[in-house]
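Secondary and tertiary structure notes
Chain by chain, the residues run as shown.
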Amino acid sequence: MNTRNVTVDPWSVDPDGIPGTALDACLRAAIAAPSIFNSQPWRFDPGHGFIDLYADRGRQLSVVDPGGRELAVSLGAALLNLRVAVLRHHRLPLTRLLPYPDRPDLVARVTLGPPAAPDATMLALYDAIPHRHTNRRPFTTVAIPPEVLGELRAAAGIEDATLAVLDEAGRREVLGVVRSAEVRLRGDPGYRAELTAWTSGEPQREDGVTRTEFGPWDALETLPLRDFGLTRPAEPRRDARFEPDPALIVLSTIGDTPEHWLRAGQALERTLLTATVRGLATTPMTQPLEIPELRALLTPTGSVGFPQVILRIGYGPASPTSARRPLAEVLIRR
Ligand SMILES: Cc1cc2nc3c(=O)[nH]c(=O)nc-3n(C[C@H](O)[C@H](O)[C@H](O)COP(=O)(O)O)c2cc1C
């Protein structure tokens, strides 16, 4: 008879490296988060009564993200999922960002606080975690109700970020800057090499963006989505027409330090999960944020501070699930 589940603390790791049931569910929720190029730059170290989240610098993108901003945004997204999951498992998550200044790779400690009951919103966000995917397919032209946009704004606000929903002029301005960025990146041999390293024609790969997630080719180049198939022309892709007037939002923070990037990531994921609950599809479009001169141009009306993520949102067809590395690979063994 297997007695493991009755004898092992649900929040600890057993001597064979197997996490207890609650810890296992929380870590699986955390690693379902979005990350730049699906780089999954995280490691977890569960202690007595807390879970430490570390940056995995070996997975930082040296061309696209030399300063580690997008790595930190990705870690922030994983942290939000972890917090939501801890609460779902009836413990209050007490979070400290960058708890030790001399250990910058320990980006957060989530302490398991007193017993707590998740409210309906938290339950819905938790349930949305496995259903949130980056969607690179054409969206419909159906407008998003203002109250749903209000919910997205509130979701980002709870995590100390601001969401600007772009008007027609803002959309044109931002799409122009994204287009310039995509053109510049496509012409950069370093970018092409990094993209090649993090994309794959093999759907069985456990990280990076694989063929099934590239999305169709935008034959008319209406929408400057990042072209993940750029250096893999041999991969078969159908072409499609994308919506000419996508709904775009810009997520910004008041400062631009590693702590702000972690907050941006938490705000991003809370926004994405809220969008998922409301049946919306989402696509981050961050190319201009990777080129300092172009990032400086992104000051559309309604945005304040520093832009961290540009998001396309709308109603779209289902999109594929991306792969994740197994838990054993991201768990630090003592
Ligand atoms: C900081 C950040 C920037 C991203 N930038 C882009 C982007 O420019 N274009 C894009 O299609 N996806 C972008 N993504 C989405 C990732 O590629 C995606 O999260 C990853 O491939 C995993 O897939 P999933 O979101 O479906 O789980 C970004 C994600 C993060 C966290």
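Model, not experiment: these values are computed from the prediction.

1. Topic: the overall build of the protein chain
Tallying secondary structure elements over the protein chain gives 10 helices and 12 strands in all. The C-alpha atoms of the protein chain give a radius of gyration of 20 Å, which matches the 20 Å a tight globule of 334 residues would have. If you line up the protein chain on its principal axes, its C-alpha atoms span 60 × 45 × 40 Å. Split into buried and exposed, the 334 residues of the protein chain put 55% on the buried side. Residue pairs in contact within the protein chain that sit at least 24 positions apart in sequence constitute 73% of those at least 6 positions apart. Accessible surface, the protein chain: about 14400 Å² in total, of which carbon and sulfur atoms supply 56%.

2. Describing the pattern of salt bridges
Enumeration according to the criterion identifies 24 salt bridges in this entry. Note that Arg 237 and Asp 227 form a salt bridge whose closest N and O atoms lie 3.0 Å from each other. Of the two residues, Arg 237 sits in the loop between strand E8 (217-218) and strand E9 (239-240) while Asp 227 sits in the loop between E8 and E9, which places them 10 residues apart along the sequence. According to the relative accessible area criterion, Arg 237 is partly exposed, its value standing at 26%.

3. Here's the deal with helix H4 (residues 120-128)
Every buried residue of H4 is listed here: Met 122, Leu 125, Tyr 126 and Ala 128. All buried residues of H4 fall inside an arc of 160° around its axis, so they share one side. The inward-facing, buried residues of H4 contact helix H2 (21-31), helix H3 (69-88) and helix H8 (258-277). Where H4 begins, one side-chain oxygen reaches toward the backbone nitrogen of Thr 121, 3.2 Å away; that side chain belongs to Asp 119.

4. Quick word on unusual backbone geometry
Peptide bonds are trans in most cases, and residues, glycine excluded, mostly fall at negative phi. Not every positive phi belongs to a glycine, and Phe 37 is a case in point at roughly 55°. Note that Phe 37 resides in the loop between H2 and strand E1 (42-47). Phi at Asp 160 takes a positive value of approximately 70°, unusual for a residue other than glycine. Counting through the fold element by element, Asp 160 comes out in the loop between helix H5 (146-158) and strand E5 (162-165). Judged by relative accessible area, Asp 160 falls into the partly exposed class, the value being 48%.

5. Description of the nonpolar core
The biggest cluster of nonpolar side chains holds 64 residues, and the ones touching the most others in it are Trp 42, Phe 44, Leu 53, Leu 75, Val 86 and Leu 251. Sorting elements by how many residues they give to this core places H3 first, with 13 residues. Domain assignment of the residues forming this core places at least three in each of domain 1 (9-130) and domain 2 (146-314). If near-sequence neighbours (up to four positions away) are discounted, Val 86 is found in contact with Trp 11, Cys 26, Ile 51, Arg 91, Leu 92, Pro 93, Val 110 and Leu 112. Residues Val 64, Ala 164, Leu 195 and Leu 289 belong to the second largest nonpolar core, which totals 31 residues.

6. Describing the domain arrangement of the protein chain
Domain boundaries assigned for the protein chain yield domain 1 (9-130) and domain 2 (146-314). In this structure, domain 1 and domain 2 have C-alpha centres spaced 22 Å apart. For domain 1, the biggest contributors to the area lost against domain 2 are Phe 37, Arg 69 and Leu 97; these three give 26% of the whole. Glu 159 serves as the salt-bridge partner of Arg 83, at 2.9 Å between the closest nitrogen and oxygen. When contributions to the side of domain 1 that touches domain 2 are tallied by element, the ones reaching two or more residues are H3 and H4.

7. Observations regarding the packing of aromatic side chains
Scanning all chains against the criterion turns up one aromatic pair. Between Phe 37 and Phe 228 the ring centres are 5.5 Å apart and the planes differ by 75°, which places this aromatic pair in the edge-to-face class. Here Phe 37 is found in the loop between H2 and E1, whereas its partner Phe 228 is found in the loop between E8 and E9, with 191 residues between them in sequence. The cationic tip of Arg 109 hangs over the ring face of Phe 50; the distance from NZ or CZ to the ring centre is 4.0 Å.

What counts, and at which threshold
Sequence positions are assigned chain by chain, starting from 1 and proceeding in written order. Predicted model: local features are reported for residues with pLDDT of at least 70 only, side-chain atom pairs are reported and counted for 80 or more only, and whole-chain, interface and lining totals are derived from all residues. Only hydrogens and water are set aside when side-chain values are computed; all heavy atoms of the structure are taken into account. Labels follow the DSSP assignment, with helices taken as runs of H or I lasting at least four residues and strands as runs of E lasting at least two, numbered in each case from the N terminus. Values of the radius of gyration come from C-alpha atoms, whereas the globule rule sets the reference at 2.2 Å times the count of residues to the power 0.38. Accessibility here uses a 1.4 Å probe with only protein chains present; expressed as a share of the type maximum, an area under 20% marks a residue as buried, one over 50% as exposed, and anything in between as partly exposed. Contact between two residues is taken to exist if any of their heavy atoms lie within 4.5 Å; hydrogens are not considered. Note on areas: Shrake-Rupley with a 1.4 Å probe; residue coverage comes only from the protein chains shown. Throughout this description, the term salt bridge denotes a Lys or Arg side-chain nitrogen within 4 Å of a carboxyl oxygen of Asp or Glu. This arc corresponds to the set of directions leading from the helix axis out to the C-beta atoms. Identification of polar contacts relies on pairs of N or O atoms within 3.5 Å, with a donor-acceptor requirement for protein atoms, meaning one able to donate a hydrogen and the other able to accept it, and with residues adjacent in sequence counted only if both atoms are side-chain atoms. The set of buried Ala, Val, Leu, Ile, Met, Phe, Trp, Tyr and Cys residues whose side-chain atoms join them within 4.5 Å is what this entry labels a nonpolar core. The split of the chain into domains comes from an automatic or database domain assignment. In this description, buried area is defined as the sum, over both parts, of the accessible area (probe of 1.4 Å) that is lost when the two are combined. Between 30 and 60 degrees the pair is tilted, below 30 it is stacked and above 60 it is edge-to-face, where a pair is any two Phe, Tyr or Trp rings, Trp via its six-membered ring, whose centres lie within 6.5 Å. Any Lys NZ or Arg CZ found within 6 Å of a ring centre and within 35 degrees of that ring's normal is scored as a charge over the ring.

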